[in-house]
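Here are the chains, one letter per residue:
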Amino acid sequence: MARVSLETDTARRLRDGMARGVLSFPLTSFRADGSLAPDGFRAHVAAQLATAPGAVFPACGTGEFFSLDEDEYRQVVTLAVEEAAGRIPVVAGTGYGWAQAVRFARIAEEAGADALLVLPHYLVAAPQDGLVAQLEQIAARTRLPLIAYQRGQVAFTAASLRRIAALPTVIGLKDGHSDLDRLQRLTLAAPEGFLFFNGAATAEIQARAYATVGVPAYSSAVHAFAPEIANAFFAALRDGDGGTVDKLLRAFYVPLVELRDRVPGYAVSLVKAAARLRGRPVGPVRAPLTDPSAADLAALRTLLTTGLDLVGAAL
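Presented here is a report on the structure given in the accompanying data block. (Residues numbered from 1 in each chain as written. Predicted model: local features only at pLDDT ≥ 70, side-chain atom pairs only at ≥ 80, totals over all residues. Heavy atoms only, no water.)

## As for the overall build of the protein chain
Across its full length, the protein chain carries 12 helices and eight strands. Against the compact-globule benchmark of 20 Å for 315 residues, the protein chain has a radius of gyration of 18 Å, which places it among compact chains. Taken over the C-alpha atoms alone, the protein chain extends approximately 50 × 45 × 35 Å along its principal axes. Looking at the protein chain as a whole, 53% of its 315 residues are labelled buried. (Helix = DSSP H or I, 4+ residues; strand = E, 2+ residues; numbered from the N terminus. Rg over C-alpha atoms; globule rule 2.2 N^0.38 Å. Buried < 20%, exposed > 50% of the residue type's maximum accessible area, 1.4 Å probe, protein only.)

## Overview of the sheet that holds strand S4 (residues 115-118)
Spatially, S3-S4-S5-S6-S7 is the arrangement adopted by the five strands of the open sheet, whose pairing is parallel. Across the chains shown, the open sheet's two edge strands, defined by having one partner strand only, are strand S3 (91-94) and strand S7 (195-198). For this sheet, the mean inter-axis angle between neighbouring strands, taken without regard to orientation, is 25 degrees. Both S4 and strand S5 (residues 146-150) contribute to a ladder of three bridges, which runs parallel. Considered in S5, the bridge of valine 118 is made with alanine 148. Against the sheet, helix H1 (residues 9-20) makes contact with S3, S4, S5, strand S6 (170-175) and S7, and its axis sits at roughly 35 degrees relative to S7, the strand it touches most. (Pairing = 2+ DSSP bridges. Axes fitted to C-alpha atoms, helices over the stretch in contact; angles between N-to-C directions. Contact = heavy atoms within 4.5 Å.)

## Description of H1
Here H1 contains 12 residues, and its C-alpha end-to-end distance of 17 Å stays within 8% of the 16 Å for a straight helix at 1.5 Å per residue. Every buried residue belonging to H1 is among Thr10, Ala11, Leu14, Gly17 and Met18, and all of these are buried. Burial along H1 is one-sided: seen end-on, the buried residues are contained in an arc of 130 degrees. (Expected span 1.5 Å × (residues − 1). Arc of directions from axis to C-beta.)

## Digging into a nonpolar patch on the surface
Residues Tyr122, Leu123 and Val124 make up a contiguous nonpolar surface patch of about 360 Å² in total accessible area. Here valine 124 shows up in the loop between S4 and helix H5 (128-139). Its relative accessible area of 48% is what places valine 124 among the partly exposed residues. (Patch = residues over 30% accessible without salt bridge, like charges linked within 9 Å, V, L, I, M, F, W, Y side chains within 5 Å. Areas by Shrake-Rupley, 256 points an atom, 1.4 Å probe, with all protein chains shown as cover. Salt bridge = Lys/Arg side-chain N within 4 Å of Asp/Glu carboxyl O.)

## Looking at unusual backbone geometry
Look at the link from alanine 287 to proline 288: it is a cis peptide, with omega at 15 degrees. With a phi close to 55 degrees, alanine 59 is a non-glycine residue in the positive phi region. Within the element layout of this structure, alanine 59 appears in the loop between strand S2 (55-56) and helix H3 (70-84). A positive phi angle, near 50 degrees, is found at threonine 202, a position not held by glycine. Relative to the helices and strands, threonine 202 resides in the loop between S7 and helix H8 (207-212). Residue threonine 202 is classed as buried on the basis of its relative accessible area, which comes to 11%.

## Quick notes on the nonpolar core
One finds Phe57, Tyr73 and Leu117 to be the most contacted residues of the largest nonpolar core, which totals 72 residues. With seven residues, the top contributor of residues to this core is helix H4 (residues 98-111). Leu27, Ala203, Phe225 and Tyr266 belong to the second largest nonpolar core, which has 33 residues in total. (Core = buried A, V, L, I, M, F, W, Y, C linked by side-chain atoms within 4.5 Å.)

## Looking at the environment of isoleucine 229
Checked against the element boundaries, isoleucine 229 lands in helix H9 (residues 227-239). The residues contacting isoleucine 229, other than those within four sequence positions of it, are Val222, Leu248, Phe252, Tyr253, Leu304, Gly307, Leu308 and Val311.

## Topic: the packing of H3 against H4
Running from amino to carboxyl end, H3 crosses H4 at an angle of 35 degrees, the nearest separation of the two axes being 9 Å. In the crossing of H3 with H4, the sense of the turn from one axis to the other is right-handed. Of H4, the residues touching H3 (which contributes Glu70, Tyr73, Arg74, Val77, Thr78 and Val81) are Gln100, Arg103, Phe104, Ile107, Ala108, Glu110 and Ala111. For the contact of H3 with H4, a count of residues per class yields seven nonpolar, two polar and four charged. (Left-handed = near helix turned anticlockwise from the far one by under 90°. Nonpolar A, V, L, I, M, F, W, Y, C, P; charged D, E, K, R; others polar.)

## Brief notes about the packing of aromatic side chains
Here the structure, examined in full by the defined rule, presents 12 aromatic pairs. An angle of 50 degrees between the planes, with centres 6.1 Å apart, marks the rings of tyrosine 218 and phenylalanine 234 as tilted. Of this pair, tyrosine 218 sits in the loop between H8 and strand S8 (219-220) while phenylalanine 234 is found in helix H9, placing the two residues 16 residues apart along the sequence. On the basis of relative accessible area, tyrosine 218 is assigned to the buried category, the value being 1%. Chaining the aromatic ring pairs together yields one cluster made of Tyr218, Phe233, Phe234, Phe252 and Tyr253. Over the aromatic face of tyrosine 149 sits the side chain of lysine 174, whose NZ or CZ is 4.2 Å from the ring centroid. (Phe/Tyr/Trp six-rings, centres within 6.5 Å; stacked < 30°, edge-to-face > 60°. Lys NZ or Arg CZ within 6 Å of the ring centre and 35° of its normal.)

Structure representation (structure tokens):
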């Protein structure tokens, strides 16, 4: 298989997008009974695209990939591709063991996705050879470019990074560990043009730190419910406006993380609840996640109002 160029096509479009905006991870819309709500998802993605993200990543962690069956996954990716209409790259999530990941990869390819984000495999810890083999098996069975996601039980060494970067279609790495020593070693081991981005939960908290090791791009869960805040933070960080960055961190992002850390799963369910507070048709989360308590929802509303006020927007 010929190597996908790190300077053209999807990789180039992603690099350009990562330089001009945050990476958007849309929520998957469900009805009250838990069934997929395609119209709600289409409307949500359209609203996200209107705020100029660098790329859109449907059916990933924030989009509850882990709770979607294959038919639902096909609908979600297809709708995202239709709404994006080639304007920005669409990177779909895939994951579990490699055999199941390949099934999702083929669906994403048929739906017109531009690339795949390979989510951490299910349950078991694995040695470095196994982590590399997981990507090798997926790469051998899809034409789509791959971005590896290291988080949880997946953490690559510099030697393994060289091995996966040598695979013809692996074009980048999303990091969710926030181990800057390890990440610096990875960026130095990677070939020129290899893509890296900050995928930590509430990535803005660590955006400045990531930038110091050469990884300024990041995904933004806040963009899913308050693109006004997410875009203001991105612009301030890009322009070196430390005062605005600090103001948003103190008054909005740090309190959001403190609220998020109260309950497991709030990294997704708080985001979805905040989107509902903004009138977005995203519906509830699916089990095993739970929607926020009444008290936490009230705290979220107050915090969201404060953050929007800081950037001249309203709930």
